[in-house]
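Here are the chains, one letter per residue:
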Amino acid sequence: MGSTRLASKICGRELQQQQLLEAYRRRNDPTPSPQEITLLTGPSGSGKTVLAKSLARRTEAERGYFCWGKCDQMQHCNEPFAPFNAAVTQLVETILRRDDTGEETERLEEAIEKATKDTELGVALLCGIFSVFRKVLFCESQDRSARFLGDSSRSNGHNVQHHHNHHRHAGSSAESPAIVLFCNFLREFCCIQHPVVLLLDDWQWLDQSSLELLMVLGGPENNLPGLMILGTCRGNEVSPHDPLSVVLRGLEEQNVQITNIELQGLSVDGVQAMISDLLSLPSSATDKQESFRSLAQMVHALTGGNPFFIQQNLRVLRDQKLVYQTKDGSWLWNEEDFDATGDEYERTRILDAEIQRLGDSSLAMEETLVVASFLGASFCQKHLELVANSDREGLRNAVHLLVKDGVFQQQEAVLQENESINCYYQWRHDKYQQASSALVPAGKRREYSVNVGRKLLAKLASDDLEEDAYLVANMFLQDLSLLVDSRERIQVARLLQMAGIRAASSSAFESAGSFFSQGIALLPEKPWLYEYDLCLALHNGAIEMEFCTGRFQPLDQLFDIVIQNTKGLEDQLRAYEAKISSLSARHLDLEAVQLGFKVLKRLGEPFPRSAIKIHTLAGIAKTVLWLRRTSTESILKTCPMQRWDKHAALRILQIIVAAVIRGKPEYSPLWAIRGVEISIKYGFSGMTPATFNALAMILGTTVLGMTEDAKRLSQIAHMIDQRYHAPEYTCRMLIFEYGYVQCWHSPFRSCIEPQITGMKAGLLSGDVEIAFCHANFYCLHGFCAGIRLQEHVSAMEEQYKEFSKLRQKMSFVGLGLELGKRLLDGNETDSAHYGAFCDKETDLDEAKWGRKDITLLIVSCFCQLFLSVYTNDYSYGLRVSRRLRHLPFDAIYGAMLVVQLQFLLGMADVLAAHAGRKKPRSAGLRALKKLKALNRNMTWKENVLNKIYLLEAERAVLNGDRETALRKFDSAIQYAEESGFVHEMALAHERLAFAFSHWGLKEEAQTNMTQSAILYQKWGFDRKAADLTTKEK
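To start, this report covers the structure provided alongside it. What you see is a predicted model; the values in this text were computed from it and never measured.

Criteria and thresholds
- Residues numbered from 1 in each chain as written.
- Predicted model: local features only at pLDDT ≥ 70, side-chain atom pairs only at ≥ 80, totals over all residues.
- Heavy atoms only, no water.
- 1 Å grid on protein atoms, 1.4 Å probe; cavity = no way out; pocket = protein on both sides within 12 Å on 5 of 7 lines; lining within 4 Å.
- Points joined across faces, edges and corners; volume = space filled by probe spheres on them.
- Helix = DSSP H or I, 4+ residues; strand = E, 2+ residues; numbered from the N terminus.
- Nonpolar A, V, L, I, M, F, W, Y, C, P; charged D, E, K, R; others polar.
- Buried < 20%, exposed > 50% of the residue type's maximum accessible area, 1.4 Å probe, protein only.
- Contact = heavy atoms within 4.5 Å.
- Polar contact = N/O pair within 3.5 Å; in protein donor to acceptor, adjacent residues only side chain to side chain.
- Axes fitted to C-alpha atoms, helices over the stretch in contact; angles between N-to-C directions.
- Parallel < 35°, antiparallel > 145°, perpendicular 65-115°, else oblique.
- Phe/Tyr/Trp six-rings, centres within 6.5 Å; stacked < 30°, edge-to-face > 60°.
- Lys NZ or Arg CZ within 6 Å of the ring centre and 35° of its normal.

We now examine the layout of surface pockets. Its volume calculated, the second largest pocket comes out at about 1200 Å³. Lining the second largest pocket are 38 residues; nearest its centre among them are Lys 117, Val 180, Asn 184, Lys 760 and Leu 763. Among the elements of the structure, α5 (103-115), α11 (177-189), α39 (707-723), α40 (730-741), α41 (753-765) and α43 (789-805) are those that each provide at least two residues to the lining of the second largest pocket. Among the elements that make up the lining of the second largest pocket, the one with the highest residue count is α41 (nine residues). Split into classes, the residues belonging to the lining of the second largest pocket amount to 15 nonpolar, nine polar and 14 charged.

Okay, the environment of Trp 1019 next. If you trace the backbone, Trp 1019 turns up in helix α53 (residues 1002-1019). Accessibility expressed as a relative area gives 1% for Trp 1019, which makes it buried. What Trp 1019 contacts, discounting residues up to four positions off in sequence, is Gly 786, Ile 787, Arg 788, Leu 789, Leu 823, Phe 866, Tyr 870, Val 982 and His 983. A polar atom in the side chain of Trp 1019 sits 3.3 Å from the backbone oxygen of Ile 787.

Contact geometry of helix α14 (residues 268-278) with helix α16 (residues 292-303) gives a least axis separation of 9 Å together with a crossing angle of 110 degrees. Taken together, the axes of α14 and α16 are roughly perpendicular relative to one another. Along the contact surface, α14 presents Val 268, Asp 269, Val 271, Gln 272, Ile 275 and Ser 276, while α16 presents Phe 292, Arg 293, Leu 295, Ala 296, Gln 297, Val 299 and His 300. Among the residues forming the contact of α14 with α16, the class breakdown is seven nonpolar, four polar and two charged.

This part covers the packing of aromatic side chains. What the rule picks out here adds up to 34 aromatic pairs. A ring pair is formed by Trp 671 and Phe 736, whose centres lie 6.1 Å apart and whose planes are at 55 degrees; its orientation type is tilted. One end of the pair, Trp 671, is in helix α37 (residues 668-682); the other, Phe 736, is in helix α40, with 65 residues separating them in the sequence. Among the residues examined, Trp 671 registers a relative accessible area of 5% and is labelled buried. Given a relative accessible area of 3%, Phe 736 falls into the buried group. Both rings, one in Tyr 949 and one in Tyr 975, keep their centres 5.7 Å apart while their planes meet at 20 degrees; by these two values the pair is stacked. Taken together, the residues span a long stretch of sequence, with Tyr 949 in helix α50 (residues 942-958) and Tyr 975 in helix α51 (residues 962-979) at a distance of 26 residues. Ring-pair connections join several aromatic residues into one group, and the members of that group are Tyr 65, Phe 84, Phe 130, Phe 133, Phe 182, Phe 185 and Phe 189. For the cation-ring pair, Arg 107 lies above Phe 189, with the distance from its terminal atom to the ring centre recorded as 4.2 Å.

Take a look at the structure:
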């Protein structure tokens, strides 16, 4: 293609370069600034990528990292996160190449550790998408790498897919664990001292998974100092309804600044400067030739100022001797020899002609161009040689010439296991790739793509085929109708299953579902008869992906097909697990429990038709007796579980837990006992710790009060977990332990942070229902423990946003969030108004109370009662108390909420008694007795003492016992302070001020009123503080 060299500098883009540099500086400015995404837009060939890459030298000079990933125009079903994967690969390779001291590699390792919380599952997920991280984790000793990847590698592939699918809640709009992990990694790795420029080329071809990642990474919550998100896009090829346009509008609605740097054709001056650079002329030489500008004008007219076509056309003009150099070094041309009226079609035609000329030069050259164009935007030498018919030497010569001519660009050379070198290349510009694919007639391109897939499928080794599953699958997906031979269709169906498993392990559920569905479509007639295993695997994968993406109707249809055609229960289990999970996700709790019990019966673990209380108590007594008689050492000697059916039974028990608690709470003890019985009888597994903690939850309820047994059972669960650790069940361990058990033995406030940890672990593992339970507990326990309102409301807002995207029923967190906002804002603290809001949000009215979700009723009552007590609305408090006393909240929730509910019931009573609406003698007495009974089971009695003393003080005031009242008030304030219950300290001072006022001691009343106002303000209840200050004056 001539000898004109590539341009060595950017010409005519001074303004755009300055804009790009300013954007880069903003992202590395320590002064906080809004989230910003920089996007270079312009037609193909306008120099967007070259301009973007101009930041590379500056970034690396500042000890930063410039990483680049390109989208592929030729692959219609892209590898999930492909451009991000390429960019991360370049990042890691850069670090490994230039890190002489090991400091950068160590920083990278630490970022991976922190992002994944040093968990096997997190590492497995992150390495499942970005396999290059394995190079880093295996750089250290074998022990270290085994700690990271030894067990986690077993979770990759099918196991990760299966794990995700049986826990993950429906909703493809959710932030997948993979996306969360990658954002966590960048949050830990990026800093101003080592800036990162993440360049994604050709956004108009972003795959769905990458768009989802861009939406999250570009959001305001990921405004990371030192990270510049940079993209290029052909704006003229993106419609307003394109998925990319939707994502960018969504980001702008979140107040993300999209800096658009537009590139059009160069001016004549820019063209002249570029020609001077291409011909290696000093500026003085062009100045001396008065006619040199006329060449620039003609080239401008031919190319429209498009830098790619300027370079291409100048080569053509030189090759055709229309522009030539004399012996004295001057350049001459004849204006009459070429037409200066080129349009886009003409420019493309010239490029096509040049590629055609190259292809005609030899068969090896033609095959190289065509095969490489179908392999994608980047390709490797090994694949090229496997597909092309030409000899290896001819192909390598062709590649060498194309690199020299600037059509290809070499990326890297990798030493393979057989000690051969495999070189990787990329097209220097996608127009070269486009023109090369055009060497195949348009009507034959799909067939050619399928033929490329056939050769790769036939020649790749099994390990390589798994690694290249996306590439080979995409070749066939260009036209599956060309697959006629039944054996070939089955081969490709297996390939699509392999690609689906890989996509699922990357949390790319849409892509995975597409692979599985296409594989099912390729199966021959009567597939269940002739290809049973493959048919079952594809249907199971498709069912699970439909669940993960929230498409329940096709899930139900596929489930029926599997149940009708499978040979037995073992083959039906994955379908049953997805079906039960989907019913629970749809809050069809009774149906989920019914189907779960049906499967458990077939697994040899039947449940009774009704949970008779005497039978339940007998089962608890039997289990507790066994626990007390058996030493911890003997329990820990239990062998690993071997039977598949009992493994399956434990999985089903774990899947139905939320539905049981919500829809059939009377079965909760039987459910917990059964899990422990299976583990003791048939052996331990990774699910055993969660089942032991579940039973500890039941024993620790206020109805049973076996808190010491619960504590011991929880400790045993931890010991078992150390031996059979399954990271996907961590969130279940934490929900039972810190939602129920530890509240008896630890300060309430120490049980709050583990709820956040459990929520994050659940989101990471895909166990969204249990993660949501953690969010609900955090919401309610935060009010019980007196977390500062601003902090609590902010956290609940984040949770509400997170779980709304996961299509969770937001009643619990929604009620708590509204309560927090009303306390924080102070303008809408009317209890009756908030009660109407609660009834509307939860669809409650008096006629429906007997048929509603009990847990939802309890949460609604708790929130209303909390507001009425802290706003002194005794009338509404009495109304809610009457509702609440008919609900069995002490049998459902853990100590923290039960204690708080009894305390609020007692306070509502005494407030009403002070107002003359309740008899003083009985006011708060029932609640006080309940609290004292609870305190007897408490190891950490400080959680309850301040509440007991405050109720006793109020009753003493009602009964006229001033001395006792003062003593009890002092104790209530002291214990509330020790426990960090600032809101209850404020309430105690407020009630003491009321008592002093009642006794006519105005000075003491004013002192306590002032102290109460200070404490309420510290808690964040500013409106109440202002009201108390007004009353004081």
